[in-house]
Structures are given as C-alpha cells and as structure tokens.
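Fold and geometry: a report
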Amino acid sequence: MSQCVSAHRLSTGSYTDQPKGPFRAGERTRLSATVVVGTQWGDEGKGKLTDLLARDMDLVVRYQGGHNAGHTIVTGGDTFALQLIPSGVLYPHITPIIGNGVVVDPGVLLSEVDTLSAKGVDCSRLRVSGNAHLIMPYHHELDRMTERYLGKNRLGTTKRGIGPAYADKATRVGLRVQDLLDPKIFRQKLDVALKEKNAVLAKVYNRLPLDGDAIADCYLGEYAPRIEPMVDDAVALVHQALGAGKNILLEGAQATFLDLDQGTYPYVTSSNPCAGGACTGAGIGPRELGRIIGIAKAYVTRVGSGPFPTELDGDLADLLVDRGHEYGTNTGRRRRTGWFDTVMLRQAVRVNSLSEVALTKLDVLDTLDAVKVCVAYEADGVRYDFMPYHQSVLHRVTPVYEELPGWRTDLSGATDLSDLPTRARDYVAFLASQGGVPIQLVGVGPGREQLVDIGIRD
Ligand code: IMP
C-alpha cells in the first residue's frame, strides 16, 4: 500500500464519512475532532504523525504545554523543529491555532515565526488564543532556581518557565495573551506579580530583582504590536469550524506519563497532555472527539528524572540512543532508553480512550538479535497489569519480560505490510494484543514517507 493510501486511511477513517450538517440536540451526526496524544514520556514522534494527518485537516490546535515541546518534521530535505507553533503551519490550507491551554513565551513565538518565514513558510494564518497564558521572564528565572534548590531531587525540567507559568495560572496571578492588547491592565498585573516574584527571587534565591519597566518595554513595545494581529477567540474559531463540518486536529505536546494528573507525579509537566486536556485546552466538549490516536515509540525513552521500570544501560542503551538519535530536540539532553512497556500502553489506552496507535521508530530495533517486551510489573509478590498508583510501588517494581526474536533486516525502505519480515510483524502484533489496541501505522524512518499502514488489530 502506498504512503498516500496510508495517509488517506489514517486521516479519513471514522469522521469524514459521517454525515455532515447542523447538529441536532441529543443526536451525534459527526465526529470532527481527532486527538493525537503521546503514550509514553514524550518524544514518540507526534509531530510526524500530526504532519501526516494535517493534510486532510482544516484546523490544527495545540492544546497544552509551551516551548518545552519539540516537534521535528523532515520534508523535502528540510528539517523543521517546531516548539510552539502547531505542525499544521506547513500546509497552506490549514489554520494553525495555539489554544487557551498553552503557555506562550512571546519572544519564542516570534522567533519561530521568523525562522519559518525565512524558510518560505507563510505564518499569517496562525491564531493565538487571547486566553492563553504568557510566560514571563520571572517564570524562567523561578524554574531555574527551584530546580537548583531541589538539588538531587530536581525534576529535570526544560527550564523554560513552564511550571511557574501554569502555577500562576492556577493561583490566578497569570498574565494572558489578551493583556498584551491593553497596556494599562498589562502593567497593573505585571506590577502585582512582580512585587511577589521579586521578593521571592531576592529573599529566597538571593537573586537580583527584575525590572518592571524593561519587561513592559519588551512585551508591550516589541512583542505586542507583532502578536496583536494573531490574537483571536480560539474557542469561537474551533466551534465555527465544527459547525461547518470541518476537520480539526488537536495536537498534544509531551505525553500521558508526563500528565500532571495521570503521569508519574511529581516527575511530570504542569499541564494535561492526556485526551481530556484536549477538551479543556481547546474549549471543546468530549462528545466532539472522534479518533484518539496514541503515539508509541517501538521502545521507550524519557528525559529528566523519574521512575522508568524498563530502563536500559550499557551497550544496549547506547545502541538505542545512537540508532534512534535520542537527544532532546529542545535541550539536547541524552534521553534515557528502555524496552517497550505494555503496562504503560494499557494504562494509556485507559486514560485517553485511545481508538488506535501509531508505532514509531521500529527500524531502530533492526539490528537486534532479540527484543524484550515488558508485559507486567511485579513488586512484593504482586503482579501489576496496569500502572500502580502508589509512587513508592512504582519505584520498586521489576518488569516481567517476554523475549521475541529480532528480525535483523533493514526496514527503512518498507512501504507496505508485505515489506515487513514476519518477526517484525509479530513484534507489532504482540504489542497490539498486549496493549488491547489496534496498531494502524508503523514508522520506519524519519521521512514523511517512511510510514507503513498495517492495521494490526488487538
Ligand atoms: P517541564 O515541562 O519543563 O516543566 O519539565 C517537566 C518534565 O517533563 C521533565 O522531566 C522534562 O524533561 C519533561 N518534558 C517536558 N517537555 C517534554 C517533551 O517535549 N518531551 C519529553 N519530555 C518533556
């Protein structure tokens, strides 16, 4: 099957063939929104799938996170590393939207716009929710300081100010994108926030206070005039599109086990990447969600601290890092690596209501004689098929493995199910049956075209 067919199949499926038209109370006439969510600890290759699906979408909405994300898309010999702007920006027919659930560093947003524009990408369609919160200079500073003070207990954050910005949102002292449009309100809110932040920076962390005038000059003088034309009512845009029967892609950053509520707390990010977060972060109700596609890497990686039951070290870890280029797109940090974990996949299916999975980077395992898969955990004589909720149990579980033979074949040129050797297919089928979820697509390389449609059922 060709790559065009696979794109078509993934991107049309259960919603475009639903009847369109006005929405009558109590009746489901269409399912227009598709969610893409990571099923591990991030870096599963969401950007590539989002990019593939985007071809048949009208709107692509980022619903949480900020520039802690890093989506890499390789196309036409060009590599695009996006942090904030939804991947759909690369398609002229798409309206890319930064939803209310995102935290926006305006300086980063504008430099991303400039970089894309220099490569010939038109960013004029980009819309930013006026309700999205702003990352301010003190958020960066506080992120760095809290990590430093946590010492060996640090979370390993990206130090982008994400946690402090979401904390201010929750304590209701955050500044929002819409405040950039009203200098008086912006200044009032900044002064209130800065009074407290500077006291903390000076008295707790022994740092110099930040200058309110300099921040206001930069945010209001430099950023606001350029961002103003992008600011919009993102919820209204999403619902106009839904009403017109258009297709919407809700693009998550980070992943299920970095979710503030469902992840391996406290080693998580400060937002909700899980499918439920797509609803709150884009202003869309759960009944509008159609396909919820989980992205899983053929092995597992993690950056930053926190439990990782199937973690590898030594030569095998080096091999996965080397073959998979497992260094953060954003921070350059070497990623921790481990065997595929079906306990995580099962849990991800549960908490996201996944309808299907795309498995990425299968080719990274090409040279192995044998491949292990974690099918359960054990701790204190108890077997766990799902993630134990208790943090101390999770820290001491040992994985129960099943070993499968490796395929020792270069998969990078595969375009069809029949190009995959039986052992590679068996590996994928085993993951699908253990996870209890169909695996529709398999990635065999970084290129847009290196995706094989396989449709293996659980
Ligand atoms: P924060 O999101 O910068 O607060 O970092 C919290 C945790 O999430 C750290 O362990 C980070 O390494 C991790 N994290 C944040 N964004 C990403 C991502 O895009 N990929 C993988 N890990 C991430």
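Each chain carries its own residue numbering, running from 1 in the direction its sequence is written. Per-residue local features are limited, in this predicted model, to residues with pLDDT of at least 70; the limit for side-chain atom pairs, both in listing and counting, is 80 or more; totals at the level of whole chains, interfaces and linings are taken over all residues. Computation of side-chain values covers all heavy atoms of the structure but excludes hydrogens and water.

1. Concerning the packing of helix α4 (residues 137-150) against helix α5 (residues 162-170)
Rules: For every element, the axis is a line fit to its C-alpha atoms; helices are fit only across the contacting stretch, and the angle between N-to-C directions ranges from 0 to 180 degrees. Counting from the N terminus, the helices are DSSP H or I runs at least four residues long and the strands are E runs at least two residues long. Helix crossings get a hand from a simple test, with the near helix turned counterclockwise from the far one by less than a right angle marking a left-handed crossing and a clockwise turn marking a right-handed one. A contact between two residues is defined here by any heavy atoms of the two lying within 4.5 Å. Just so you know the grouping, Ala, Val, Leu, Ile, Met, Phe, Trp, Tyr, Cys and Pro go in nonpolar, Asp, Glu, Lys and Arg go in charged, and all remaining residues, Gly too, go in polar.
Where α4 contacts α5, the two axes come as close as 7 Å, and the packing angle between them is 120°. The crossing of α4 and α5 is right-handed. Packed against α4, whose contacting residues are Tyr138, His139, Leu142 and Asp143, the element α5 presents Ile162, Pro164, Ala165 and Asp168 at the interface. Split by residue class, the contact of α4 with α5 holds five nonpolar, one polar and two charged.

2. Focus on the site of the ligand
Definition in use: Proximity criterion: a residue is near a molecule or strand once any of its heavy atoms comes within 4 Å of it. Each polar contact in these results corresponds to two N or O atoms within 3.5 Å; when the atoms are within protein, one needs to be able to donate a hydrogen and the other to accept it, and residues that are neighboring in sequence are counted only if both atoms are side-chain atoms.
Surveying the vicinity of the ligand reveals 15 residues, the closest of which are Asp43, Asn68, Thr158, Thr269 and Arg333. With respect to the ligand, the backbone of glycine 156 contributes an N or O atom lying 3.3 Å from an oxygen atom. For the ligand, an oxygen atom lies 3.0 Å from a polar atom in the side chain of arginine 333. Tallied by class, residues from the shell around the ligand come to six nonpolar, seven polar and two charged.

3. Overview of the environment of threonine 367
As for its placement among the helices and strands, threonine 367 is situated in the loop between β15 (356-360) and β16 (370-379). Sequence separation between threonine 367 and arginine 323 is 44 residues, and the spatial gap between their C-alpha atoms is 9.6 Å.

4. Quick look at the packing of helix α3 (residues 106-118) against helix α7 (residues 212-227)
Let me state the cut-off plainly: An angle below 35 degrees is read as roughly parallel, one above 145 as roughly antiparallel, one from 65 to 115 as roughly perpendicular, and any other as oblique.
Running from N to C, α3 and α7 cross one another at 50°; their axes reach a closest spacing of 10 Å. Relative to α7, the element α3 is oriented oblique. Here α3 and α7 pass one another in a crossing that is left-handed. Within the contact between the two elements, α3 uses Pro106, Gly107, Leu109, Leu110, Val113 and Asp114 and α7 uses Tyr219, Tyr223, Arg226 and Ile227.

5. A word on helix α13 (residues 422-435)
The test is simple: Expected span, for any helix, means 1.5 Å times one less than how many residues it has. Exposed residues in this analysis have more than 50% of their type's maximum accessible area, buried residues have under 20%, and partly exposed residues fall in between, with area computed by a 1.4 Å probe over protein chains only.
With 14 residues, α13 should cover 20 Å at 1.5 Å per step; its first-to-last C-alpha distance of 20 Å lies within 8% of that length. Among the residues of α13, Ala424, Tyr427, Val428, Phe430, Leu431, Ala432 and Gly435 are the ones counted as buried. One or two steps after α13, the chain reaches glycine 436, where phi turns positive at roughly 70°.

Such coordinate-based values are descriptive only and should not be taken to indicate function.
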